[in-house]
Amino acid sequence: QVQLVESGGGLVQAGGSLRLSCAASGSIFSIDAVGWHRQAPGNQRGLVAAITSSGNTNYADSVKGRFTISRDNAKNTVFLQMNSLKPEDTAVYYCNAVIHGPFGISNSWGQGTQVTVSS
């Protein structure tokens, strides 16, 4: 069974940095596209950054130039480097991945990690 676990969240002051990790475990052949999403209280969940199997990346306009998504295929891990953090970045961050395994293709979500940015 495939499991996604996010880590690296925490409390940071505005202007600081955090690096989030999303690690996949289980019976995995390969991981296709991966996205980071976030949801703040009272708001809808939105896409922050995504990376394809070919390495192409996309970012929301609000984080472009500040966040960087990357992946380590050997470790089945995706990262989100967040720099110059702002209070409006405060949210629960979730990773979502398309995973190829022995039972076919699945679309998995992690449980989320809290990021809080203080003024």
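Please refer to the structure higher up on the page.
Residues numbered from 1 in each chain as written. Predicted model: local features only at pLDDT ≥ 70, side-chain atom pairs only at ≥ 80, totals over all residues. Heavy atoms only, no water.

Enquirer: Whenever I open this one, the pairing of strand 9 (residues 91-101) confuses me. Can you help?
Expert: Side-chain positions along a regular strand alternate between the two faces of the sheet. Across the 11 residues of strand 9, nine count as buried, placing the element largely inside the fold. Inspection of the sheet shows strand 4 (residues 30-39) paired to strand 9 by eight bridges, in the antiparallel sense. Paired with Gly35 across the strands is Asn96, a residue of strand 9. Where strand 9 lies against strand 10 (residues 104-109), six bridges are found, and the strand directions are antiparallel. (Buried < 20%, exposed > 50% of the residue type's maximum accessible area, 1.4 Å probe, protein only. Helix = DSSP H or I, 4+ residues; strand = E, 2+ residues; numbered from the N terminus. Pairing = 2+ DSSP bridges.)

Enquirer: What is the right way to look at the pattern of salt bridges in this model?
Expert: Where side chains of opposite charge bring their charged atoms close, a pairing between them can arise. Taken as a whole and judged by the stated rule, the model has three salt bridges. Among the salt bridges present, the one from Lys64 reaches Asp61, with a minimum N-O distance of 3.5 Å. The pair formed by Lys64 and Asp61 is uniform in burial state, with each residue classed as exposed. Taking the shortest distance from any N to any O, the salt bridge between Arg66 and Asp89 comes out at 2.8 Å. Placement of Arg66 in the loop between strand 6 (57-59) and strand 7 (67-72) and of Asp89 in the loop between strand 8 (77-82) and strand 9 is noted, with a sequence separation of 23 residues between them. The class for Arg66 is buried, based on a relative accessible area of 11%. Via salt bridges that share partners, Arg38, Arg66 and Asp89 belong to a single interconnected network. (Salt bridge = Lys/Arg side-chain N within 4 Å of Asp/Glu carboxyl O.)

Enquirer: What is the right way to look at the environment of Ala97 in this model?
Expert: The topology assignment puts Ala97 in strand 9. Judged by its relative accessible area of 1%, Ala97 falls in the buried class. Taking the C-alpha atoms as reference, Ala97 lies 9.0 Å from Trp36; in sequence the two are 61 residues apart. Apart from the residues lying within four places of it in its own chain, the contact partners of Ala97 are Leu4, Ile31, Ala33, Val34, Ser106, Asn107 and Ser108. (Contact = heavy atoms within 4.5 Å.)

Enquirer: Quick question: what am I supposed to make of the sheet that holds strand 8 here?
Expert: Note: strands within a sheet are paired through backbone hydrogen bonds, in either parallel or antiparallel orientation. On the basis of which strands lie adjacent, the open sheet formed by four strands has the order 1-3-8-7 and antiparallel pairing. The two strands at the open ends of the sheet, each matched to only one other strand, are strand 1 (3-7) and strand 7. Each adjacent strand pair in this sheet contributes to an overall mean axis angle of 15°, direction not counted. Pairing of strand 7 with strand 8, which is carried by six bridges, proceeds in the antiparallel orientation. Across the sheet, Asp72 pairs through a bridge with Thr77, a residue of strand 8. (Axes fitted to C-alpha atoms, helices over the stretch in contact; angles between N-to-C directions.)

Enquirer: Quick question: what am I supposed to make of the side chain of Ser108 here?
Expert: Residue placement: Ser108 occurs in strand 10. Once you skip the residues sitting within four places of it in the chain, Ser108 turns out to touch Val2, Leu4, Cys95, Asn96, Ala97 and Ile99.

Enquirer: What should I look at first to understand the packing of aromatic side chains in this one?
Expert: To describe a pair of aromatic rings, you give the distance between the ring centres and the angle between the ring planes. Scanning the model with the defined rule gives zero aromatic pairs in all. For Arg45, the ring lying beneath its charged end belongs to Tyr94, and the centroid distance is 3.8 Å. For the cation-ring pair, Arg45 lies above Trp109, with the distance from its terminal atom to the ring centre recorded as 5.0 Å. (Phe/Tyr/Trp six-rings, centres within 6.5 Å; stacked < 30°, edge-to-face > 60°. Lys NZ or Arg CZ within 6 Å of the ring centre and 35° of its normal.)

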